[in-house]
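# A closer look at the structure
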Amino acid sequence: MNEKFDIQAYMTHGVETIVAESLKATLKNPRESAFMVRFAAASKKASRRRAEAEKAYMKS
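Our subject in this report is the structure included herewith. (Residues numbered from 1 in each chain as written. Predicted model: local features only at pLDDT ≥ 70, side-chain atom pairs only at ≥ 80, totals over all residues. Heavy atoms only, no water.)

An ideal rise of 1.5 Å per residue puts 44 Å on 30 residues; helix α2 (residues 30-59) measures up with 44 Å between its terminal C-alpha atoms. Taken as a whole, α2 has its buried residues at S33, M36, S43 and S47. Here α2 starts with a cap whose side-chain oxygen sits 3.1 Å from the backbone nitrogen of R31, and that cap is N29. (Helix = DSSP H or I, 4+ residues; strand = E, 2+ residues; numbered from the N terminus. Expected span 1.5 Å × (residues − 1). Buried < 20%, exposed > 50% of the residue type's maximum accessible area, 1.4 Å probe, protein only. Polar contact = N/O pair within 3.5 Å; in protein donor to acceptor, adjacent residues only side chain to side chain.)

A word on the pattern of salt bridges. In total, this model carries one salt bridge according to the counting rule given. Across the salt bridge formed by E21 and K24, the nearest N and O atoms sit 3.5 Å from each other. Within this pair, E21 and its partner K24 are both found in helix α1 (residues 7-25), separated by three residues, close to a single helical turn. Classification of E21 by relative accessible area gives partly exposed; the value is 47%. (Salt bridge = Lys/Arg side-chain N within 4 Å of Asp/Glu carboxyl O.)

As a further point, take the packing of α1 against α2. Running from N to C, α1 and α2 point in directions that differ by 175°, and their axes come no closer than 10 Å. Relative to α2, the element α1 is oriented roughly antiparallel. Between α1 and α2, the contacting residues are Q8, T12, V15, V19, S22 and L23 on the first element and S33, M36, V37, F39, A40, S43, S47, R50, A51 and E54 on the second. (Axes fitted to C-alpha atoms, helices over the stretch in contact; angles between N-to-C directions. Parallel < 35°, antiparallel > 145°, perpendicular 65-115°, else oblique. Contact = heavy atoms within 4.5 Å.)

Next comes the structure, spelled out in structure tokens:
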């Protein structure tokens, strides 16, 4: 148990899994699929922002 738990990686993986499964479920509905693609892009951007904020916080 010496390894540090990385909440950022854990949360990012969880969201990516949910988005991927949701995208599969919406393949028959183009509007839902389009929404999920936009959501996935926004989620990825938010994940990058959180990672950058964490790095900035650790530096200070």
